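Fold and geometry: a report
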Amino acid sequence: MELNRIEIILEKYFKGETSSAEELELQKYFSSFNIAQHLEHYTPLFVYFSEAKEQKFLYKLPLQTKKRNVMLLSIAASVLILLGISTFTYFHLPTEKGDLGTYENPEAAFAATQKALTLLSENVNVGIESVEYIYEYEYSKNLIFKNNYNK
């Protein structure tokens, strides 16, 4: 009678339909010495489960915070973005290495040079006019403050 009940509980156990009490009954049966010969191959399974309950995990796991992982991830992402941008600019932007503005015709070169020098001269003259205003301001300021200190 007991053997039939153990076989029924075993079928339920492998289907995942047993209760805690039935599983405890199976563990007691397989830890005893009166095990049917055709059920002996299940003994190591239930012996393992009973031994595993008694084992304790003694190793301490180091806990890492997510802050460090986020920091490392952001640094890696920044390096990857910079690498991508530099690779793109190196391979896709045009470089002017061959023709550096040389002219075949000397008259065209002379005209382009005169044009560039005229533009430079105009900008320098604007700067000189600004400096003349500053000199005039300094001269007036010195006259006013020297006269106030002398009184």
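Just above sits the structure.
Residues numbered from 1 in each chain as written. Predicted model: local features only at pLDDT ≥ 70, side-chain atom pairs only at ≥ 80, totals over all residues. Heavy atoms only, no water.

Once that is clear, we can look at the side chain of Thr43. Inspection of the secondary structure puts Thr43 in helix α3 (residues 43-54). The buried category is assigned to Thr43, whose relative accessible area is 17%. Looking at Thr43, its side chain comes within polar contact range of the main-chain oxygen of Glu40, at 3.0 Å. Discounting residues that sit within four places of it in the chain, Thr43 has contacts with Phe30 and Ile35. (Helix = DSSP H or I, 4+ residues; strand = E, 2+ residues; numbered from the N terminus. Buried < 20%, exposed > 50% of the residue type's maximum accessible area, 1.4 Å probe, protein only. Polar contact = N/O pair within 3.5 Å; in protein donor to acceptor, adjacent residues only side chain to side chain. Contact = heavy atoms within 4.5 Å.)

This part takes up a nonpolar patch on the surface. Taken together, the side chains of Leu117, Leu120, Val124 and Ile128 present a nonpolar region at the surface, about 360 Å² in accessible area. You can see Leu120 is positioned in helix α5 (residues 106-150). (Patch = residues over 30% accessible without salt bridge, like charges linked within 9 Å, V, L, I, M, F, W, Y side chains within 5 Å. Areas by Shrake-Rupley, 256 points an atom, 1.4 Å probe, with all protein chains shown as cover. Salt bridge = Lys/Arg side-chain N within 4 Å of Asp/Glu carboxyl O.)

On inspection of all chains with the given rule, the structure shows three salt bridges. In this structure, Arg5 and Glu25 form a salt bridge, with 3.1 Å as the shortest nitrogen-oxygen distance. Remark: Glu25 occurs in helix α2 (residues 20-31) and Arg5 occurs in helix α1 (residues 2-15); sequence separation between them is 20 residues. For Arg5, a relative accessible area of 44% translates into the label partly exposed. Two residues, Lys12 and Glu22, come together in a salt bridge whose shortest N-O distance is 2.9 Å. Placement of Lys12 in helix α1 and of Glu22 in helix α2 is noted, with a sequence separation of 10 residues between them. On the basis of relative accessibility, which here comes to 28%, the residue Lys12 falls in the partly exposed class. Residue Glu22 is classed as buried on the basis of its relative accessible area, which comes to 14%.

Another point: the packing of aromatic side chains. Within the structure shown, the criterion is met by five aromatic pairs. Here the aromatic rings of Tyr13 and Phe14 are separated by 5.5 Å at their centres, their planes lie at 75 degrees, and the arrangement is edge-to-face. With 5.3 Å between their ring centres and 40 degrees between their planes, Phe14 and Tyr42 make a pair best called tilted. With Phe14 in helix α1 and Tyr42 in the loop between α2 and α3, the pair connects residues that are 28 residues apart, well separated along the chain. In this structure Tyr42 comes out as partly exposed when scored by relative accessible area, which is 23%. (Phe/Tyr/Trp six-rings, centres within 6.5 Å; stacked < 30°, edge-to-face > 60°.)

On to the side chain of Gln27, then. Mapped onto the elements of the fold, Gln27 is located in helix α2. Look at Gln27 and you get buried, because its relative accessible area is 17%. Beyond its immediate chain neighbours, meaning those up to four positions away, Gln27 contacts Phe46, Phe49 and Lys53.

By themselves these figures say nothing about function.
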